[in-house]
Amino acid sequence: MRIAIVDYDLGNVRSILSAFDNKGAQVQLTNDRNKILESDGVVLPGVGAFKHGMESLKKYGLVEIIKEYIDTGKPFMGICLGMQMLFNESEEYGHTKGLSLISGKVVKLPRKNICNEKLPHVSWNEIKGNVDNWPNTILEGIRNSSDMYFVHSFVAQPTDEGHILSTTEYSDWNFCSTVKKDNIYGCQFHPEKSGKVGLEIINNFMRICEK
Amino acid sequence: MKPKLEAYYGLPNEVKFCKICVISNQRPNSTIEFKSKKGEHKKVINFNKDGICSACVYQAEKETGIAWEDRDDKLRALLDRFRSGDGSYDVIVPGSGGKDSAFTAHILKYKYGMNPLTVTWSPHLYTDIGWKNMQEWMHTGGLDNILYTPSGILHREMTKNAFHNLLHPFQPFIVGQRIIGPAMAQKFGVKLVMYGENQAEYGNSIEENTNPIMNMDFFSSDNELDMNFGGVSMKEYIDTGRYTKHDFQPYIAPNKQVLIDAGVEVHYLGYYLKWDPQECYYYSVENTGFNANPKRTEGTYSKYSSIDDKIDPFHYLTTLIKFGIGRCTYDAAQEVRNDKITREEASYLVEKYDTEFPDIYFKDFLAYIGATEEQFWKTIDKHRSPHIWKNVSGKWALRHTVSKRGTDD
Amino acid sequence: MKKIRVLARIDVKNEFVIKGIHLEGLRKVGNPNKLALDYYNNGIDEIIFMDAVAAYYDRNTLSDLIERACADVFIPITVGGGIRTTEDIKNALKSGADKVAINTKAVQDPDFITRSSKIFGSQCIVSSIEAKLVGQNKWEVYTDNGREPSGKDVIEWVKSVQELGAGEIMLTSIDHEGTKRGFDINLYKHVAKNVSIPIIASGGMGEACDAANLILGSNVDAIAIASILHYQIDSIQNIKNTLIDNNIKVRI
């Protein structure tokens, strides 16, 4: 089971590497086209600003490589910023174009009461959804309303609601916390930082890669 | 062949540092302070043939060579002998409310069931934190205390003389500090005096560690008029016409025979309990309302040791000048021995802090001894031993430091 | 309603966990990796590793420790103590830390917060603030592990760090830390009124109800606890249950 973590100089990759390693995958950090295309599963991590992230992807020629990989139909997972970049564009620091692999845009979390609700959204928070839709996805077997670790100020808004696998509440607003379109997954939370439940999600991803 | 540099105070000519802690072989042993005369030779800490100081040798002994349960039994037996059955005080604990005396008094009362009277020989000038801790010792620690403050007029003159003649401003203070325990014991009809740790832990002759009882010579004298304060005898002070024997009441050591006849014994708790100054800090925070210094103490890295007297930093400044050993060296050496920091870390800290000038209370000190800055520096510079200090383009630098960054290293 | 995070604060010196009082003292209380794993297995939400002596020795040496921790602790890890350059931050993140806590350097060079948050994102940058009570409702910012007064007022400083781009604040009460006498609730009440980024309260927890009292009495988002865990005074489960009993949401 070969998993490639996309290396574009961004993001805390050690935890993701450890998490996959913990679950028995042969995991490598790479931006090499061949290695990525040969992998059974690819993960795009990311922490930081959308614009910076996209620029880095372009710098390493990864935009095309990622699209090429997606076309193979093999599983792909974006985490946090990695999920946000799957979409068309973000309003962070002006307007920046994303990978446009899933239709939708990235917006700032709205806040009603400034001092009660804080940004960045740094919190353990529940992911909720229709569990009937979860088998054969990365959320298979996960208890509804499980706590995951979030740290972000922006969220993705998929145009097609059918792509939303889970939502999470922030300030009376429900944002998309897990997204799925065909072979592409996105988690706004960090499964590699969400304790044992997070590791289960990683395990699920690997099982999907096996098929 | 380089000419040998003169070493003042009879100090060893070659400066060496302990292989385990960071103390140097220039560290003087404790003396009978009221016999201190100008220019006398100092006995210093011993280094064995492996270059290890006697304090570290003793520490190794503490770790493995002493059966502390036996010592505890001995302590209980001792205390049983002195414990009063009628509610009267049965042990005098001298101290200022710092971590060591706070620990000593509290544990004697609350663990060992004694009835201590704490007695404080007043610091020259209480710091805010020192005063607070002293009050907390009583209010939170639940102890009784007598604070004894000698007349400032004589005390200041003695301190001034001690500074200029001996570069040892604390000399008069130490006289009173050593005396107050047995003196109060005598006054209150109490037989047992318990100090905290034995200074021998820090490098006096190692045999002193095998003896729980303080040498009577430290606090008793046969002829009072010969007692020296700041290098000036009591007789000389009186001869000026400004003082009479009345003024020396706080400093007159009890007569040795009188103490013996009264059955007074002065012990060190450090003989009976495995002493760790930092653990005394933890204990006193948890039990007697002790607070660390809000900020780093000048001349060192710590916040919990010796923080109650504004004049204290000048004691350490003078040890730096005379022996090349500042406050940080003392603190760091102790913490290396007690396994809190490594020798490498200690060396780094000494390099960083040992020569830091104590600015905060400088003006208070000058006012206390009635000196100008010029007079201050004149005295300081007079006492720099050539084998320790070198003048490099008008600035003084140590010839040898533990991290080998001295001018001659 | 937000969930309160419960963090374990692990102060490290060389290969030991140490625990002081008033940010003073080096008493050894355990092994950092072992404690981190124990706390992870028992439901702690995050770990903070602080290099307790970075200020003394002008170094920071937690990289190895973090790497080992990441191998089997899958919750957020913050590293602090001696973070002085962007290179230090990069190394910390590379070792596996998710966030870095910065105090002394930020006070000396406030723009460091801005530069760092631009490069690494503000969610990576925790402003660590040591507060000492100096008057009624007045606290001073200290640096160098509670040793050097900075002359800065805490309330003014927290407003600044938010402006400068910090993602979170970890606010330690020097007066309470290590004493197990409860949190300085007044401090957090005043500070929370003035900022809108998450606040982690640190210092003073002695029993489970201290946490409840703090959360009910101020608007903090997380608590960092140390003595209560390292001295095994109470369990993480019991602390969380106490919060739940007081209608405070936590991650189960």
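Anything mentioned here points back to the structure above.
Residues numbered from 1 in each chain as written. Chains lettered and ligands numbered in written order. Predicted model: local features only at pLDDT ≥ 70, side-chain atom pairs only at ≥ 80, totals over all residues. Heavy atoms only, no water.

Asks: A description of the environment of Ile360(B) should follow, citing residues and the corresponding values.
Replies: Along the chain, the position of Ile360(B) falls in the loop between α13 (343-353) and α14 (362-369). Non-local contacts of Ile360(B), meaning those with residues more than four positions away in its chain, are made with Lys295(B) and Glu298(B). (Helix = DSSP H or I, 4+ residues; strand = E, 2+ residues; numbered from the N terminus. Contact = heavy atoms within 4.5 Å.)

Asks: Break down the interface of chain C and chain B for me, citing the residues and quoting the values.
Replies: Contact with chain C, which involves 28 residues of that partner, is made by 25 residues of chain B. Summed over both partners, the interface of chain C with chain B buries about 2200 Å², with 46% contributed by carbon and sulfur atoms. Together, Glu24(C), Arg27(C) and Tyr57(C) form the three largest contributors to the area buried by chain C at its contact with chain B, with a combined 27%. Here chain C is connected to chain B by 5 salt bridges. In this structure, Glu345(B) engages Lys13(C) in a salt bridge whose closest nitrogen and oxygen atoms are separated by 2.7 Å. Applying the counting criterion to the chain C and chain B interface returns 18 residue pairs in polar contact (both at pLDDT 80 or more). Counting only elements with at least two residues in the side of chain C that touches chain B, the list comes to β3 (27-30), α2 (54-57) and β9 (148-153) of chain C. Tallying contributions element by element places α2(C) first for the side of chain C that touches chain B, with 3 residues. Within the side of chain C that touches chain B, the residues separate by chemical class into 10 nonpolar, 6 polar and 12 charged. (Buried area = accessible area lost by both parts, 1.4 Å probe. Salt bridge = Lys/Arg side-chain N within 4 Å of Asp/Glu carboxyl O. Polar contact = N/O pair within 3.5 Å; in protein donor to acceptor, adjacent residues only side chain to side chain. Nonpolar A, V, L, I, M, F, W, Y, C, P; charged D, E, K, R; others polar.)

Asks: Describe in detail the interface of chain A and chain C, supporting the description with residues and values.
Replies: Each partner contributes residues to the interface: chain A has 29 residues there, and chain C has 41 residues. With both sides pooled, the region where chain A packs onto chain C buries about 2700 Å², and carbon together with sulfur makes up 51% of that total. Of all residues in chain A, the largest losses of buried area upon contact with chain C belong to Arg14(A), Lys118(A) and Trp124(A), amounting jointly to 25% of the total for that side. Inspection of the region where chain A meets chain C yields 4 salt bridges. Of the charged contacts in the structure, one is a salt bridge between Lys193(A) and Asp98(C), with a shortest N-O distance of 2.8 Å. The set of elements that each furnish at least two residues to the side of chain A that touches chain C consists of α1 (13-22), β8 (121-127), β9 (146-152) and α6 (195-210) of chain A.

Asks: Go over α1(A) with me, naming the residues and quoting the values.
Replies: Along α1(A), the residues classified as buried are Val13(A), Ser15(A), Ile16(A), Ser18(A), Ala19(A) and Phe20(A). Looking at the buried residues of α1(A), the elements they touch are β1 (2-6), β2 (26-30), β3 (41-44), β4 (76-79) and α6 of chain A together with α3 (63-72) of chain C. Where α1(A) ends, the next residue or the one after it, Gly24(A), has phi of about 95 degrees, a positive value. (Buried < 20%, exposed > 50% of the residue type's maximum accessible area, 1.4 Å probe, protein only.)

Asks: Can you tell me about the arrangement of the chains, naming the residues and giving the values?
Replies: In this assembly, 2 pairs of chains are in contact, and the pair contributing the most contacts is chains A and C. Regarding chain A and chain B, the two do not touch, and the least distance separating their C-alpha atoms is 31 Å.

Asks: Let's hear about the sheet that holds β1(A): which residues, and what values?
Replies: Two orientations exist for strands paired in a sheet by backbone hydrogen bonds: parallel and antiparallel. Residue and element names in this part refer to chain A. One open sheet accounts for 7 strands, arranged β2-β1-β3-β4-β13-β12-β11; its pairing is mixed. A single partner strand is all that each edge strand has here, and the edge strands are β2 and β11 (164-170). Neighbour to neighbour, the strand axes of the sheet diverge by 20 degrees on average, direction disregarded. Most of the contacts of α1 go to β2, to which it runs at about 160 degrees, and overall it touches β1, β2, β3 and β4. (Pairing = 2+ DSSP bridges. Axes fitted to C-alpha atoms, helices over the stretch in contact; angles between N-to-C directions.)

Asks: Residue-level account of the packing of aromatic side chains, with values.
Replies: Applying the stated criterion to the full structure yields 37 aromatic pairs over all chains. Arranged with centres 5.7 Å apart and planes meeting at 65 degrees, the rings of Tyr281(B) and Tyr282(B) form a pair that is edge-to-face. Residue Tyr282(B) is classed as buried on the basis of its relative accessible area of 0%. One aromatic cluster is present, built from ring pairs that chain together Trp121(B), Tyr148(B), Phe229(B), Tyr237(B), Tyr243(B), Phe248(B) and Tyr251(B). A cation over a ring is seen here: Arg156(B) above Tyr368(B), with NZ or CZ 5.4 Å from the ring centre. Of note, Arg27(C) hangs over the ring of Tyr282(B), and the distance from its end group to the ring centre comes to 4.0 Å. (Phe/Tyr/Trp six-rings, centres within 6.5 Å; stacked < 30°, edge-to-face > 60°. Lys NZ or Arg CZ within 6 Å of the ring centre and 35° of its normal.)

Asks: Got a sec to walk through the packing of helix α5 (residues 152-166) of chain B against helix α6 (residues 171-188) of chain B? Specific residues and values, please.
Replies: Residues and elements named next belong to chain B. Contact pair α5 / α6: the axes reach a minimum separation of 7 Å and the direction vectors enclose 125 degrees. In terms of axis orientation, α5 runs oblique to α6. Mapping the contact onto sequence places His155, Met158, Thr159, Ala162 and Leu166 in α5 and Gln171, Pro172 and Phe173 in α6. Split into classes, the residues belonging to the contact of α5 with α6 amount to 5 nonpolar, 3 polar and no charged. (Parallel < 35°, antiparallel > 145°, perpendicular 65-115°, else oblique.)

Asks: Break down the pattern of salt bridges for me, citing the residues and quoting the values.
Replies: The tally for this structure, following the rule as stated, stands at 45 salt bridges over all chains. Its salt-bridge partner being Asp364(B), residue Lys310(B) comes within 3.9 Å of it at the nearest N-O pair. Here Lys310(B), found in the loop between α10 (277-288) and α11 (312-323), pairs with Asp364(B), found in helix α14; they are 54 residues apart in sequence, far enough to count as distant. Ionic pairing is found between Arg251(C) and Asp45(C), a salt bridge with its closest N-O pair at 3.1 Å.

Asks: Describe the nonpolar core, with residues and values.
Replies: Grouped together as the largest cluster of nonpolar side chains are 115 residues, with contacts concentrated most on Phe20(A), Ile47(C) and Phe49(C). Looking at this core element by element, the count peaks at 7 residues for α6(A). Contacts of Ile47(C), omitting those with residues within four sequence positions, involve Ala8(C), Ile10(C), Ala36(C), Tyr39(C), Val73(C), Ile75(C), Pro76(C), Ile77(C) and Thr78(C). Among the nonpolar cores identified, the runner-up in size contains 82 residues, and Leu117(B), Phe163(B), Met234(B) and Leu320(B) belong to it. (Core = buried A, V, L, I, M, F, W, Y, C linked by side-chain atoms within 4.5 Å.)

Asks: So what's going on with the pairing of strand β7 (residues 125-135) of chain C? Which residues, and what values?
Replies: Residue and element names in this part refer to chain C. Most of β7 is tucked away: 8 of the 11 residues are buried. Pairing geometry for strand β6 (residues 99-102) and β7, over 3 bridges, is parallel. Following the sheet pairing, Val100 is matched in β7 by Ile125. Strand direction decides the pairing type here: β7 and strand β10 (residues 168-173), joined by 6 bridges, are parallel.

Asks: Pulling in residues and values, what's your account of α6(A)?
Replies: With 16 residues, α6(A) should cover 22 Å at 1.5 Å per step; its first-to-last C-alpha distance of 23 Å lies within 8% of that length. Here α6(A) has its buried residues at Gly195(A), Gly198(A), Leu199(A), Ile201(A), Ile202(A), Asn204(A), Phe205(A), Met206(A), Ile208(A) and Cys209(A). (Expected span 1.5 Å × (residues − 1).)

Asks: Report on unusual backbone geometry, specifying residues and quantitative values.
Replies: One non-glycine residue, Asn136(A), lies in the positive phi region at around 65 degrees. Within the element layout of this structure, Asn136(A) appears in the loop between β8 and β9. You will see that Lys404(B), though not glycine, has its phi angle at about 60 degrees, which is positive. Mapping Lys404(B) onto the fold places it in the segment after β9 (395-398). Classification of Lys404(B) by relative accessible area gives exposed; the value is 65%.

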